[in-house]
Amino acid sequence: AAALPAPARAQEGPPPAEAEARAMNAANETVLAYVATGSRRTDDISAAGLRGLSRALFDRTAIEPADPVAVDLERDDLSLYPLLYWPVTEDQRQPSAAAYGRLNDFLRHGGMILFDTRDGDVAGTGAPDGSADLQRLAAALDEG
């Protein structure tokens, strides 16, 4: 009997060698991370913002951050990052219980999450209020 190849699985993340290289870089450098939302536009804006913050840190402090990275809350080791920037979107899927466990460990051990509801209606333009989405996503986080 002929052996059949294993079924292909879409979106399993980076190949093991790439994931290992990313983890090694994050362990040896200061790397700011953002939560991948699945929206290319939102993720591109997040990466650009963290690149700007990294440049400012490099120019004004002794910190020399590496390029920011996107993290998948379901897979990635969050302990490698001092800061997670989390752009809150209304269609973002709820993380699993395991992901919330990793997030709570991250917070308990000194990690910081910056939630961005992207609803700063400073100009009075009627931007949407993201507080309900933030409450939905943050409900399972320890308040401690």
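Relevant structure appears above.
Here goes a summary of the coordinates provided. Since we're looking at a predicted model, the values are computed, not measured.

Calculation rules
Residues numbered from 1 in each chain as written. Predicted model: local features only at pLDDT ≥ 70, side-chain atom pairs only at ≥ 80, totals over all residues. Heavy atoms only, no water. Pairing = 2+ DSSP bridges. Helix = DSSP H or I, 4+ residues; strand = E, 2+ residues; numbered from the N terminus. Right-handed = clockwise from strand over helix to strand, strands pointing away. Salt bridge = Lys/Arg side-chain N within 4 Å of Asp/Glu carboxyl O. Buried < 20%, exposed > 50% of the residue type's maximum accessible area, 1.4 Å probe, protein only. Axes fitted to C-alpha atoms, helices over the stretch in contact; angles between N-to-C directions. Contact = heavy atoms within 4.5 Å. Expected span 1.5 Å × (residues − 1). Arc of directions from axis to C-beta.

Things to note about the pairing of strand S4 (residues 112-116)
Phase 1: Relative to S4, strand S3 (residues 83-87) runs parallel, the two sharing five bridges. Residue pairing for S4: Pro87 is matched across the bridge by Asp116.
Phase 2: The parallel pair S3 and S4, bridged by helix H3 (residues 97-108), forms a crossover whose chirality is right-handed.

A short note on the pattern of salt bridges
Phase 1: As enumerated under the stated definition, the model contains six salt bridges in all.
Phase 2: Between Asp133 and Arg136 there is a salt bridge, with the nearest N and O atoms lying 4.0 Å from each other. Highlighted residues: Asp133 and Arg136, both in helix H4 (residues 131-138), separated by three residues, approximately one helical turn.
Phase 3: Here Arg136 falls in the partly exposed class, since its relative accessible area comes to 28%.

Digging into the pairing of S3
Phase 1: Where burial is concerned, most of S3 is hidden: five out of the five residues are buried.
Phase 2: What you see with S3 is no split at all: Leu83, Tyr85 and Pro87 on one side and Leu84 and Trp86 on the other are buried throughout.
Phase 3: Relative to S3, strand S1 (residues 33-35) runs parallel, the two sharing two bridges. Bridge assignment links Ala33 to a residue of S3, and that residue is Leu84.

Description of the sheet that holds S4
Phase 1: As summarised here, the arrangement of the four strands in space is S2-S1-S3-S4, forming an open sheet in which the pairing is parallel. Bordering the open sheet on either side are strand S2 (69-71) and S4, each of which pairs with just one other strand. On average, each strand axis in the sheet is inclined to that of its neighbour by 30 degrees, with strand direction left out of account.
Phase 2: Relative to S1, helix H2 (residues 40-60) is tilted by about 160 degrees, and along the sheet it contacts S1 and S3.

Examining the side chain of Ser46
Phase 1: Along the chain, Ser46 falls in helix H2.
Phase 2: By relative accessible area, which is 3% here, Ser46 ends up buried.
Phase 3: Aside from chain neighbours lying at most four places away, what touches Ser46 is Tyr34, Tyr85 and Pro87.

Details of the environment of Ser54
Phase 1: Tracing the sequence through the fold places Ser54 in helix H2.
Phase 2: Residue Ser54 is classed as buried on the basis of its relative accessible area, which comes to 6%.
Phase 3: Separated by 22 residues in sequence, Ser54 and Leu32 place their C-alpha atoms 7.7 Å apart.
Phase 4: Those residues within four positions of Ser54 in sequence are excluded, and the remaining contacts are Leu32, Pro65, Ala66 and Pro68.

Re H2
Phase 1: Its 21 residues place the ends of H2 30 Å apart at the C-alpha level, agreeing with the 30 Å of an ideal helix rising 1.5 Å per residue.
Phase 2: For H2, every residue scored as buried is listed here: Thr42, Asp43, Ser46, Ala47, Leu50 and Ser54. Down the axis, H2 shows its buried residues gathered within 130 degrees of arc, on one side only. With respect to the buried face of H2, the exposed residues turned more than 90 degrees away are Arg41, Arg55, Asp59 and Arg60.
Phase 3: Of the surrounding elements, those touching the buried residues of H2 are S1 and S3.

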